[in-house]
Amino acid sequence: MENSNKISEVTEAFNLPGELKECIPYGNGHINDTYRLTCETPEGIRRYILQRMSRRIFKNPQELMENVSGVTSWLRKKIIENGGDPERETLTLLNSRENLPYFVDSTGDYWRIYLFIEGATCYEQVKDDNDFYQSAVAFGHFQRLLADYPAETLHETIKDFHNTPDRLKKFKKAVAEDVCGRAAAVQDEINFILEREELTRVLYDMQKDGRLPLRVTHNDTKLNNIMIDDKTGKAVCVIDLDTVMPGLAANDFGDSIRFGASTALEDERDLSKVSCNLHLFDVYAKGFIEGCGGALTELEIETLPLGAILMTFENGIRFLTDHLEGDHYFKIHREGHNLDRCRTQLTLVKDMQEKLPQMNEIIKKYK
Ligand code: ADP
Ligand code: GN1
Ligand code: MG
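This one's a predicted model, so the numbers in the text were calculated from it and none came from an experiment.

Can you break down the pattern of salt bridges residue by residue, with the values?
Under the definition given, this model contains 36 salt bridges. One salt bridge connects Lys-6 with Asp-105, and the closest N-O pair in it is separated by 3.1 Å. Here Lys-6 is found in helix α1 (residues 4-12), whereas its partner Asp-105 is found in the loop between β4 (103-104) and β5 (110-115), with 99 residues between them in sequence. Residue class for Lys-6 comes out buried when judged on its relative accessible area of 13%. The closest approach of N and O atoms between Arg-196 and Glu-195, which form a salt bridge, is 3.5 Å. A relative accessible area of 55% places Glu-195 in the exposed class. Here the salt bridges share partners, and the residues they tie into one network are Lys-6, Asp-33, Arg-52, Arg-55, Asp-105, Asp-109 and Lys-331.

Below, the structure is given as structure tokens:
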């Protein structure tokens, strides 16, 4: 737990109501340090999400916050126009006493506070088809709401985030340097990746030669980055907006599939439990294409299954790179955690490659 002086320094920098009663670590994100704050006020309990943005990962937190402020204000306006509730349907940032949407503490760390979205849950695994369908509609709709966002004003918060050929290059460097002496023990995984090298270029090349358009995408569309209403089962809010940048629709689709259509958790150790559930693939495809509201081109729709394979492969490459480099990127909670995550992803890639013809058939229904 964070030292309480630091938490006080941060919370005092914001205009929180009433008395701060509790601050506890919260959620299962791999990147930021997240806490839930509880304040007691004369009107009742008010809760907030406090986050320290990762300094190692976000090299320019000010630019990151410009993106998040820009996107949330934009969504807020659209939600109001559509008669929705902006405090539940998008993230709401609190301003600091210096009137900024973040605070820099005395050690240089960047912090932000969001309103806590009450009565909704982030799931680690699909519990029923409808939740997954609703999350698909919401991620598709998110892309649609941002279709006319001025993309040129968005900063690239993480360079080459979904540049898969570049991810492969960094992976090869990590294998060659082998700073932790872990490469020999993971030769099978290394070979699996190298045998599929050409896969990394497929969508990248299609975008470069103009066949696939860049859109304003979320880029981190896993199920625990969406909040599902506890009562209605509808997706209320897309969260984790740190990587909203121009990207490919297939990547947003694919990242949801790799996480949500898997029959096991991302870090499952028993690989016999890991496969891609084609029924869930179908459910998500229907919802996502509907949510995009007819905006996707035919080729974009055709490439959705490839996006699923690619995002899974990319995450496998990233997890193994981090394992080889000494686990400095993704948070780990046990030894070999990134290797376990890599193994589930590679198992899924193999399974998805075998199921590609069926995935293509499913997609055809929604073209
Ligand atoms: P990370 O980048 O580390 O994944 P997230 O922004 O996704 O960080 O937040 C981590 C977790 O915190 C989420 O999965 C969710 O459970 C919870 N969370 C984040 N924002 C909110 C919010 N506004 N209301 C309620 N829970 C939230
Ligand atoms: C990270 O931030 P979080 O936990 O929602 C990562 C994603 C990975 C994912 C793997 C900024 O997502 O790219 O796909 O872990 N986010 C960042 O679970 O790197
Ligand atoms: Mg997250």
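Continuing now.
Talk me through the domain arrangement of the protein; I want residue IDs and the actual numbers.
Looking at the protein, the domain boundaries give domain 1 (4-118) and domain 2 (129-366). Using C-alpha coordinates to define each centre, domain 1 is positioned 26 Å away from domain 2. Each side of the interface is counted separately: domain 1 has 27 residues, and domain 2 has 29 residues. Joining domain 1 to domain 2, the criterion identifies four salt bridges. With a closest N to O distance of 3.1 Å, Asp-148 and Lys-78 form a salt bridge.

Reading guide: rules and limits
- What you see as residue numbers is a count from 1 along each chain, following the sequence as written.
- Lettering for chains starts from A, numbering for ligands starts from 1, and both go in the order in which the items are written.
- Given that this is a predicted model, residues contribute local features only at a pLDDT of at least 70 and side-chain atom pairs are listed and counted only at 80 or more, while totals for whole chains, interfaces and linings are drawn from all residues.
- The basis for every side-chain value is the complete set of heavy atoms in the structure, and neither hydrogens nor water enter the calculation.
- Throughout this description, the term salt bridge denotes a Lys or Arg side-chain nitrogen within 4 Å of a carboxyl oxygen of Asp or Glu.
- Helix numbering and strand numbering both begin at the N terminus, where a helix is a DSSP run of H or I of at least 4 residues and a strand a DSSP run of E of at least 2.
- Accessibility here uses a 1.4 Å probe with only protein chains present; expressed as a share of the type maximum, an area under 20% marks a residue as buried, one over 50% as exposed, and anything in between as partly exposed.
- Domains are outlined according to an automatic or database domain assignment.
- Any pair of residues with heavy atoms lying within 4.5 Å of one another is described as a contacting pair.

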